[in-house]
Amino acid sequence: MSEYILEMKNISKTFPGVKALDQVNLKVRQGEIHALCGENGAGKSTLMKVLSGVYPFGSYEGDILLEGEICRFKDIRQSEERGIVIIHQELALIPELSIAENIYLGNERKRRGIINWNETFAGTQELLEKVGLHENPNTLVTDIGVGKQQLVEISKALSKRVKLLILDEPTAALNEDDSENLLNLMLEFKRQGISCILISHKMNEVSKVSDSITILRDGKTIETMDMKRDNVTEDRIIRGMVGRDMTERFPERIANIGEVALEVRNWTVYHEQHAERKVLDGVNLKLRRGEIVGIAGLMGAGRTELAMSIFGKSYGRNISGQLFKDGREIHNRTINEAISNGFAYVTEDRKEYGLILMDDIKRNISLTGLRKLSKRMIVNEREEVLAAEDMRRRMNIKAPSVLQKTGNLSGGNQQKVVLGKWIFSGPDILILDEPTRGIDVGAKYEIYTIIHALAEQGKAILVISSELPEVIGLSDRIYVLSAGKITGEFSGEEATQENLMKDMTKSGGVKHGSHHEAV
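Residues numbered from 1 in each chain as written. Predicted model: local features only at pLDDT ≥ 70, side-chain atom pairs only at ≥ 80, totals over all residues. Heavy atoms only, no water.

What follows is about the layout of surface pockets. Gaps between atoms show up when a probe of the same size as a water molecule is rolled over them. In this structure, the second largest pocket spans a volume of roughly 1,000 Å³. Along the walls of the second largest pocket sit 40 residues, with Lys-202, Asn-204, Lys-444, Glu-467 and Pro-469 positioned nearest its centre. Residue assignment for the lining of the second largest pocket shows that the elements contributing at least two residues are α6 (176-191), α7 (203-209), α8 (234-242), α16 (441-456), α17 (468-474) and α18 (497-504). Residues of the lining of the second largest pocket, tallied by class, amount to 16 nonpolar, 10 polar and 14 charged. Taken domain by domain, the lining of the second largest pocket gets at least three of its residues from each of domain 1 (4-242) and domain 2 (248-342 + 428-506). (1 Å grid on protein atoms, 1.4 Å probe; cavity = no way out; pocket = protein on both sides within 12 Å on 5 of 7 lines; lining within 4 Å. Points joined across faces, edges and corners; volume = space filled by probe spheres on them. Helix = DSSP H or I, 4+ residues; strand = E, 2+ residues; numbered from the N terminus. Nonpolar A, V, L, I, M, F, W, Y, C, P; charged D, E, K, R; others polar. Domains from an automatic or database assignment.)

This is the structure in structure tokens:
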């Protein structure tokens, strides 16, 4: 048997006007966890689509060898038959079906052409035990959290007798506990002899579980390293990804903080489906012009619910409390009213709620400012193109033109389009929910630079992030949210991961840091 379960030799893939992969080589040993790292647009997903048959044989150049044998997959089904299963960042589950139905969809347990439900449920139970998910096979996927849904996806892969499991940003939407459980599960698969390819932007995860790492940049293989033998560090990985040293993860910040732009008083919100459940309880916070304020909290603390309820009551029911802008009470009863009041909200899910992926950059950017571009209800298309082109340059969106389809952009460039869309609306207050989720370290730096520039223009910015180093590195001041209540407030200088985490795991009242309190 070959030492390598997988060899991809001199893989090249071209799209109209773009060479996505250029003579890429990848080798994965039997029973190892092999990390694949690179900036957004480096070619990672394209390479995995070639491997899994999404891009069939004949649409690329080069060879794929599985266990020493050349493979020419025409579709995903053929690659799955050989034991290659890919789990995408966007989970491919059907919410209205049960766990058991999702696991065996397309791979049904049948007798004489009829589904054998006893065998289906027994098989599901066995698979769920393997991944440590204690749920009834009849439970609907819509009724379980994202972390558990990820385990259902992995169970589905195991049902196909997987030999090589590809995980594309598997922890991007998970909290720290679920992420830790998933990484431990990968290590267990390794002990069982299953090989894994891990695509991740989280360097700590790569360092924790990987045996080897291959770095791609601009569609080319930069290097492959043994994590132990080659003394691999995060800085070395980042240097390979971006082609330069990044001595600072955050740009230098020159804060010029002015008067209070937004005050939220006694903000209380109830759950949309469960009217008796309070998700935010008497939240008070202040945001000044030119200030970047972070919101830290565990998943379920109410961070996104806070952002959406402030932004035109787009989440929640029985909302009470007051909003003051520049000392004057305002009412954001609808999203249109919130935009008119100078608010912008960059959602945590750019693909579902932030962008129209099938439309071009131009249309996505102009959506929030159509009134500026219209006369008598007719959009001036020349002005629309000029405005979008100006925003493309300002945001450094890497695309040949503003007529490029947004769905074809890398994650980092899609995020810049979302930011550009809201900046075009001319807001005074920006709420950024997970602004760098699923994008690489180089693109993150660019987003941070844009956020700093907006603050320097006097915008008041509220940043929600699951990554504590990001909250600390970006923010002038930080509020901690736990179980719907503000449990702590710190200046940027006094915030540490330890004291933030302490307040993130309790449910008492507000505790201010010793040196700073917003007034």
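Right, let's get into the environment of Val-279. Structurally, Val-279 is set in strand β14 (residues 278-288). Sequence-distant contacts of Val-279, that is, excluding residues within four places in its chain, are made with Val-269, Tyr-270, His-271, Ala-301, Gly-302, Glu-305, Tyr-315 and Gly-484. (Contact = heavy atoms within 4.5 Å.)

Moving on: the packing of aromatic side chains. Counted under the stated rule, the structure contains six aromatic pairs. Centroid distance Phe-311 to Tyr-345: 5.8 Å. Interplanar angle 45 degrees. Geometry classified as tilted. Taken together, the positions of Phe-311 in the loop between α9 (303-310) and β16 (317-325) and Tyr-345 in strand β18 (residues 343-346) put the pair 34 residues apart, joining distant regions of the chain. Taking relative accessible area as the criterion, Tyr-345 reaches 7% and is therefore assigned buried. (Phe/Tyr/Trp six-rings, centres within 6.5 Å; stacked < 30°, edge-to-face > 60°. Buried < 20%, exposed > 50% of the residue type's maximum accessible area, 1.4 Å probe, protein only.)

Moving on, we get to the pattern of salt bridges. Overall, the coordinates contain 31 salt bridges when judged by the stated rule. The salt bridge involving Asp-226 is made with Arg-229; its shortest N-O contact spans 3.8 Å. Here Arg-363 ties to Glu-384 by a salt bridge, and the two come within 3.2 Å at their closest N and O atoms. Of the two residues, Arg-363 sits in helix α12 (residues 361-366) while Glu-384 sits in helix α14 (residues 381-395), which places them 21 residues apart along the sequence. What emerges from the salt-bridge pattern is a single network uniting Lys-19, Asp-22 and Lys-220. (Salt bridge = Lys/Arg side-chain N within 4 Å of Asp/Glu carboxyl O.)

Residues Trp-267, Phe-343 and Ile-461 are the most contacted members of the largest nonpolar core, which totals 65 residues. At seven residues, α16 tops the list of elements feeding residues into this core. In terms of domain composition, this core takes at least three residues from each of domain 2 (248-342 + 428-506) and domain 3 (355-426). Excluding anything up to four places from it in sequence, Trp-267 contacts Leu-280, Asp-281, Gly-282, Val-283, Leu-306, Ser-309, Ile-310, Ile-319, Ser-320, Gly-321, Gln-322 and Leu-323. Counting 30 residues, the second largest nonpolar core, distinct from the first, contains Leu-93, Leu-128, Val-131 and Leu-198. (Core = buried A, V, L, I, M, F, W, Y, C linked by side-chain atoms within 4.5 Å.)

Attention shifts here to the sheet that holds strand β11 (residues 212-217). Strand order in this open sheet of six strands is β6-β9-β10-β3-β11-β12, and the pairing throughout is mixed. Here the strands that pair on one side only, and so sit at the sheet edges, are β6 (84-87) and β12 (220-226). Neighbour-to-neighbour, the strand axes of this sheet turn through a mean angle of 15 degrees, independent of strand direction. Bridge analysis of β6 against strand β9 (residues 164-168) gives four bridges, and the strand direction is parallel. Bridging across to β9, Ile-86 finds its partner in Ile-166. Where helix α5 (residues 146-158) meets the sheet, it contacts β6 and β9, and its direction lies at approximately 170 degrees from that of β6. Taken strand by strand, α6 contacts β3 (33-37), β9 and β10 (195-199), and its axis lies near 130 degrees from that of β3. (Pairing = 2+ DSSP bridges. Axes fitted to C-alpha atoms, helices over the stretch in contact; angles between N-to-C directions.)

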